[in-house]
Amino acid sequence: MAEQPILEYPHSALRTVCQPVHAFDESLSTLLNDLADTVYATPGIGLCAPQVGELKRVLVMDLSDDGSALQEYVNPQIISRSGLAIATEACLSLPGISAKVIRSGTIVVRACDRHGTPFERTLENMHAVCLQHELDHLDGKLFIDRLSAIRRLPLQRRLRAMASAPSAGISATRKLAES
Ligand code: ZN
């Protein structure tokens, strides 16, 4: 169990479609433990495997104030969605950037736990937003991809600066909220 460095835009791992997990073994448990340790070291509320360089369909989230409600999702899929939620999102892999994103307000997620046991869970509001944000990561998508061109425009300068920085994409753990 150890905190891992968080990869930042424009690292290629953040643009890769991640592979489903087939082996519910010790290495998966280690990955889940590492993700929890890493997200708890930030003010973030969710983190997924590609953000620490593991291209697997694995994510964790905890929206409690005291780190008491960790949820682990392996191979998550949204099987139904309804309503809308509009929330200001940020991302540990896009430090210094935030924007309002429109997503489904209620979702039903099917996933497995770390032992391979399937479950279904209904998530609403910020829980639903967080899951959708993290699930996008597993498909190589970032929340900035969900913005219209006009709403993305004010962020372009910052994105360009990140892409051209000498340390572009090199891992660094940032103290920025992820939602
Ligand atoms: Zn993110």
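Here the residue index of a chain counts from 1 through its sequence in written order. Totals for whole chains, interfaces and linings use every residue, but because this is a predicted model, local features are given only for residues with pLDDT of at least 70 and side-chain atom pairs only at 80 or more, for both listing and counting. Water and hydrogen atoms were dropped before computing side-chain values, which therefore reflect all heavy atoms in the structure.

Caption draft 1: Spotlight on a nonpolar patch on the surface. Residues Leu84, Ile86 and Ile102 make up a contiguous nonpolar surface patch of roughly 350 Å² in combined accessible area. Considering the arrangement of structural elements, one finds leucine 84 in strand β3 (residues 71–90). Taking the relative accessible area as the measure of exposure, leucine 84 reaches 67% and is therefore exposed. Excluding any residue in a salt bridge, patches collect residues exceeding 30% relative accessible area, merging like charges within 9 Å and nonpolar Val, Leu, Ile, Met, Phe, Trp and Tyr side chains within 5 Å. Residue-level accessible areas treat just the shown protein chains as cover; the underlying method is Shrake-Rupley with a 1.4 Å probe. We count a salt bridge whenever a side-chain nitrogen from Lys or Arg sits within 4 Å of a carboxyl oxygen from Asp or Glu. Helix and strand labels come from DSSP, where a helix needs a run of H or I of at least four residues and a strand needs a run of E of at least two; each type is numbered from the N terminus. Only protein chains enter the area calculation, which uses a 1.4 Å probe; residues under 20% of their type maximum are buried, those over 50% are exposed, and those in between are partly exposed.

Caption draft 2: Spatial organisation of the sheet that holds strand β5 (residues 118–124). Strand pairing follows a simple DSSP-based rule, namely that at least 2 bridges must link the two strands. With antiparallel pairing, five strands are arranged side by side in an open sheet as β1-β2-β3-β4-β5. Two strands close off the open sheet at either side, each with one partner strand: β1 (46–48) and β5. The average angle at which neighbouring strand axes cross in this sheet is 30°, direction not considered. Bridge analysis of strand β2 (residues 58–61) against β3 gives four bridges, and the strand direction is antiparallel. Note on β3: the bridge partner recorded for methionine 61 is glutamine 71. In this description, contact between two residues means that some pair of their heavy atoms is separated by no more than 4.5 Å. Only the stretch in contact is used when a helix axis is fitted, and all axes are lines through C-alpha atoms; the angle between N-to-C directions ranges over 0 to 180 degrees. Here helix α1 (residues 26–40) sits on the sheet in contact with β1, β2 and β3, set at roughly 35° to β2. Together, β1, β2, β3, β4 (98–112) and β5 form the strand contacts of helix α2 (residues 125–138), whose direction differs from that of β3 by roughly 120°.

Note that all results are geometric; they support no functional claim without further evidence.
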